[in-house]
Amino acid sequence: MEYEEPKFFHVMQYAGAADGDVIDMVSGNPDWEPPGALREALREYAGLPPDVFQYPPSEGLRELREAIAERRGVDVDRVVVTNGTGEANYLAMARAFERDAGDEALLLDPVYPYYPGKVQLLGGKPTLVPTDRDGGLDPDAIREAASEETALITLNTPNNPTGAIYDIDAVWEVVAIADEVDALVLVDEVYDHFDLTGEFESALTLGSDRVIVTNGFSKSMAITGFRVGYGVFPDDHVFEAKARHMLVNVAGPRPSQYAVTHALAETDPEYFAESRALLAERVDAFTDALDAAGAEYSRPEGAFYVLARFDGFPGTMENVKRLIDEAGVAGMPGDAFGTARGDWIRFALVTPRTVEAAERLADYFDE
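Residues numbered from 1 in each chain as written. Predicted model: local features only at pLDDT ≥ 70, side-chain atom pairs only at ≥ 80, totals over all residues. Heavy atoms only, no water.

Put simply, the rule is: UniProt positions are given in the numbering used here, feature names are shortened, and annotations may be inferred rather than shown by experiment.
Going by what an unreviewed UniProt entry lists, the protein chain is known as Aminotransferase and is assigned to Halorubrum trueperi. In its Subunit (unreviewed entry) section, the UniProt entry covering the protein chain states "Homodimer."

## Some remarks on the side chain of Arg 78
Spelled out, the test is: Every helix listed is a DSSP run of H or I at least four residues long, and every strand listed is a run of E at least two residues long, numbered separately from the N terminus. Residues are treated as being in contact if the distance between any of their heavy atoms lies within 4.5 Å.
The topology assignment puts Arg 78 in the loop between α3 (62-72) and β2 (79-82). Those residues in contact with Arg 78, other than ones at most four positions away along the chain, are Leu 204, Gly 231, Val 232, Phe 233, Pro 234, Asp 235 and Val 238.

## Remarks on the sheet that holds strand β5 (residues 150-156)
What counts here: In this scheme, strands are said to pair when DSSP sees at least two bridges between them. Convention adopted: a line fitted to C-alpha atoms gives each axis, helices being fitted over their contacting stretch, and angles between N-to-C directions are expressed from 0 to 180 degrees.
Across the sheet, 7 strands lie side by side as β2-β8-β7-β6-β5-β3-β4; this open sheet has mixed pairing. The open sheet is flanked by β2 and β4 (125-130), the only strands paired with a single partner. Going from strand to strand, the sheet's axes swing by 25° on average, the running direction of each strand aside. The pairing of β2 with strand β8 (residues 229-232) spans 4 bridges and is antiparallel. Among the inter-strand pairings, Thr 82 is bridged to a residue of β8, identified as Gly 229. Strand contacts of helix α8 (residues 235-249): β2 and β6 (184-188), with the helix running at about 20° to β2, the strand carrying the most contacts.

## Describing the sheet that holds strand β10 (residues 305-309)
Reading across from one edge, β9-β10-β13-β12 is the order of the 4 strands in this open sheet, with antiparallel pairing throughout. Of all strands in the sheet, those with a lone pairing partner are β9 (296-298) and β12 (332-333), marking the two edges. Bridge analysis of β9 against β10 gives 3 bridges, and the strand direction is antiparallel. Paired with Ser 298 across the strands is Leu 307, a residue of β10.

Structure representation (structure tokens):
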């Protein structure tokens, strides 16, 4: 397959080379502290005997898998620890396509850019399906797009880039559609700790053998560099997922898994509540500034991104570079996320300078 460098990298390189001060609102790297227990576990790990520096079990440390299974209400044997949620998504997509049930993947537009790339890597064909105005799930559109060639339907809730949280009844409708066409439903829930509405409900509650749920700790524990994710696979698919994971990776990093295991056991819910509160404050400040700038935007229900459209200033790569050069704010062009929001710009609210960035945008578009 042909490889195209992600637009994320291009924008970040451009912003890094800019002459003036630029506030990075491109990447989804949390700027707050990881749990204290995680740092303590890493220090402890450094003093452990040499055998603990060797390969962990391929499917992940048993203690970590047990902790995940307990929290998600599933059997531990269904849990596969992966190198980030990205690998969990890859394993889920692979399972969908290797069943000889078709080669089409239905992806919601706007779409997280790595989904179509993974689909193509696996020999599948991505088809973009529209969402509603604020990114909400539209089962009727999925039903219209689904066919006997549909092997996979991928959902992401809370959603990147729209911030939408999908109603669990709508997710169930999608699962019913998948059952009709013999597809699997991948539900990426990596932003579940950043539910700003209190309405998020995991697809695992549906109890369907069509559903593969993926998640991880990169966002919730502010450790994107640790690469600890996981997939919860139905019984009929977990063996193949474990086998592919072992052949591609052998195993995941043991120190990261050790630290996350300890952090799960010792971190109070208040840690995650504080992160949500911080994010909610940033959403308020940023959307207030967008109002002042006369922008149209989707207020996120979860995750930590805002999509905005400025009158007479479509979200092209050229205009994103103009914002970097002239306003000192770096966002992502909307067409990086499919076709539905090509005129929009996505901003990540994971910078302590969110308010300053908002003020810069308001001043820039008020001129």
